Structures are given as C-alpha cells and as structure tokens.
Amino acid sequence: MKQRVVIVTTGGTIAMVTDPVTGASVPAQGMSRHVADVDGLEEVACAEHHEFSNIPSPYINPETMWRLSKTVQRLLDREEVCGAVITHGTDTLEETAYFLDLTVRSEKPIICTAAMRNIDEMGTDGPRNVLSSVRVAVNPLAVGMGTMVCLNDEIHAAREVTKTYTSNVATFDSPGHGPLGIVDEDSVIFFRKPLLRAVFNVDNIESKVALVKTFTGDDGSILRSLPELGFKGVVLETFGRGNVPVEVYHVVKYLIEEKSVPVIITSRCFKGRVLGVYGYVGGGKSLADLGAIFAQELSPIKARIKLMVIMGITNDMAEIERLFKLPLKGA
C-alpha cells in the first residue's frame, strides 16, 4: 500500500500563468489542483491535496507562516500521513521553510518546493519539482531530517538554503554547506544529515522584529528609530565577522541598555560565522561586550525568523541568547 503524502499549496509561480493581455505572470484560479495532480505521482504515493492559499510569496508574512505551521502540524499529526510537501513561491520560500523547521514538532518530513517558471511556460519546472519532493517525503531516510527544500533535484536543509539567482531554475543553494542529497530519477540519495536543528514549542510569535543592513557612513539613525516604530527585536546585518561603524555601535548600546531590545548580529558575507574578534569600538568584540547576540553562521533573514520564534517564548535577554545558540555546542 502506498504511503499518504499531503500536498499543501500556498501559491507562487508554480501556480501562475501568463496573462495573455499584459504578458505578466499572475495567480491562476483553480491552478492549485493541477499543481498537486502531476503525471506519475500516483505511482509514488497516495497524494492528498490541501489548498492553504494562492498568493504570491511576497504576500507571505509571519502570521501566514504561523497559520501554515499549525496547519502542517495538524496534518502530520494524522497517523496515516507520512509527510507533507509544501508548494510556495521562491522569493520567500527559505523563510517559510525555516519557520516550519523551527516550529513543527514532528519527525515526519516536510518538503518545500516551488517553480521558477509558470505552469504554462515552456520548460516549466513545477511538475518535476513536485514529483521529486514527494519521492523525498516517502523515503524512510527523510524521517527526522526536518524541513527540507527540494528543487532542481537537489535536497537542501531549511536552515542553510537560500535563493541565489533571480531567474535560473538552479537558483537554490546552500553556500558553505552544499545539498543534503539529490533525487536521481526514482532514487533519493542522502549525503548527510542536518546536525544544527532546533525545534521550539511555541504558542505565539513576535512578528515585530526588524532586519537592518549597516553600510559605510551609517550614522545609526535608522536603527535608533526602531523602538518608536514598535519593533521589539532587531537583526543587524554587519560587515565581515560582525563589525559596524562607530556611530552604529553607540546605537546598539542604546537599544540594549536603555530600550532592552535584543540585537542579533549577522554578516553580509554569505559564508562563515560572525564572532567577537575585533576589539575596537564597533568591532565584533565590543558589540559582544554590550550583550549583542551573535547568530553564528545564520543568514540575516534566517536569524530574523529564529528571533521571532524565540521572542514568542521569552523576552529575557539571557534566555534569548541561550535559546538562540541552540543546538550549537560550546558556542
């Protein structure tokens, strides 16, 4: 008897067609059913379709991710379901995937997939990506691997993957890590397991977390305005190992010491860890001495997702730092 996989459709290019008048890509009514009805799928699994939404991925927000997480949790809690495949737009797929990885409490695999080409476009990649993702979902080695992203026959960890190309079908990559495995025709081959996963038991999230990129000559005025705008936490994208202009250092000090706003330090470099190495004012060590929390090698957008989840649990700065470093050892 074939295993049951739920295909949850949310929208994105994979469910879009070309408008004959404007030539633009637009969501197509009723297209979600076709996304979940792929040739050859019935030979791999018993697929069940659940339409969550049909929206472009820039419309996805933290509340949408939270509702999706609860939906996926409910579906995976069903004994007869072995895994879930989520179809999504590519622009924000990596954020939703990581949110699911942090919040869905199940050993059953969750595979996020998408398409770079409309379903009516020559060479559309959507159907193949769906079929490959279902193959991963029913593979016994996928159990316990958390949320993964599968496109172009590559399997990536939600924590590591990012969109690297605006238009190419081979857009998703895991810089500094590489894929977890591949889909080769009807075979699923895993090379490694994701060892740096953390799952949190949360009842709500804090969506008012800002992401700010520092720059040469930054006087910190944007950063300073965030508490007045209602933001409760900040992810700061810095230079190199976690360094900022001296004016930004003073604003970080203000946010932490006077406003009790957690500041997470990330890097604009897409490989490597942030670490308090440099001791000059504005260097990473000076920020660490203030109580800024270093995101290790998490990307800025992934660090924001993690802080939203953790601040749904606690506002205590020391506890935020402890939870943020899980499951890293000796961090």
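Report on the accompanying structure. (Residues numbered from 1 in each chain as written. Predicted model: local features only at pLDDT ≥ 70, side-chain atom pairs only at ≥ 80, totals over all residues. Heavy atoms only, no water.)

## Notes on the layout of surface pockets
Right, on to step 1. In this structure, the largest pocket occupies an estimated 500 Å³ of space.
Right, on to step 2. Every residue lining the largest pocket is counted, 25 residues in all, and those nearest its centre are Thr162, Cys269, Phe270, Ser299 and Pro300.
Right, on to step 3. Those elements that place two or more of their residues in the lining of the largest pocket are strand 9 (162-163) and helix 8 (300-310).
Right, on to step 4. No other element matches the three residues that helix 8 contributes to the lining of the largest pocket.
Right, on to step 5. Of the residues assigned to the lining of the largest pocket, the class counts are eight nonpolar, eight polar and nine charged. (1 Å grid on protein atoms, 1.4 Å probe; cavity = no way out; pocket = protein on both sides within 12 Å on 5 of 7 lines; lining within 4 Å. Points joined across faces, edges and corners; volume = space filled by probe spheres on them. Helix = DSSP H or I, 4+ residues; strand = E, 2+ residues; numbered from the N terminus. Nonpolar A, V, L, I, M, F, W, Y, C, P; charged D, E, K, R; others polar.)

## Points about the packing of helix 8 against helix 9 (residues 317-325)
Right, on to step 1. For the pair helix 8 and helix 9, interaxial distance at closest approach is 10 Å and the crossing angle is 130°. Put simply, helix 8 runs oblique to helix 9. The two elements helix 8 and helix 9 meet at a crossing, and its hand is right-handed. Along its contact with helix 8, which presents Ala303, Lys306, Leu307 and Ile310, the element helix 9 presents Ile320, Leu323 and Phe324.
Right, on to step 2. Residues belonging to the contact of helix 8 with helix 9 are distributed by class as follows: six nonpolar, no polar and one charged. (Axes fitted to C-alpha atoms, helices over the stretch in contact; angles between N-to-C directions. Parallel < 35°, antiparallel > 145°, perpendicular 65-115°, else oblique. Left-handed = near helix turned anticlockwise from the far one by under 90°. Contact = heavy atoms within 4.5 Å.)

## With respect to the sheet that holds strand 8 (residues 154-157)
Right, on to step 1. Judged by pairing direction, the sheet is mixed, and its eight strands sit side by side in the order 4-1-5-6-7-8-11-12 without closing on themselves. Of all the strands in the sheet, just strand 4 (46-51) and strand 12 (187-190) have a single pairing partner and so form its edges. The sheet shows a mean angle of 25° between the axes of neighbouring strands, taken without regard to direction.
Right, on to step 2. Across four bridges, the pairing between strand 7 (residues 147-151) and strand 8 is antiparallel. For valine 149, the partnering residue across the bridge sits in strand 8 and is histidine 156. (Pairing = 2+ DSSP bridges.)

## Observations regarding the pattern of salt bridges
Right, on to step 1. All told, the structure shown has 14 salt bridges when counted by the stated rule.
Right, on to step 2. Here arginine 128 ties to aspartate 153 by a salt bridge, and the two come within 2.9 Å at their closest N and O atoms. In this pair, arginine 128 is assigned in helix 4 (residues 126-138) and aspartate 153 in the loop between strand 7 and strand 8, connecting sequence segments 25 residues apart.
Right, on to step 3. Judged by its relative accessible area of 42%, arginine 128 falls in the partly exposed class.
Right, on to step 4. Note that lysine 213 and glutamate 237 form a salt bridge whose closest N and O atoms lie 2.5 Å from each other. In this pair, lysine 213 is assigned in strand 13 (residues 209-213) and glutamate 237 in strand 14 (residues 233-238), connecting sequence segments 24 residues apart.
Right, on to step 5. The class of lysine 213 is partly exposed, set by a relative accessible area of 47%.
Right, on to step 6. Using a relative accessible area of 13% as the deciding quantity, one classes glutamate 237 as buried.
Right, on to step 7. One continuous salt-bridge network, built from bridges that share partners, spans Arg4, Glu48, Arg78 and Glu80. (Salt bridge = Lys/Arg side-chain N within 4 Å of Asp/Glu carboxyl O. Buried < 20%, exposed > 50% of the residue type's maximum accessible area, 1.4 Å probe, protein only.)

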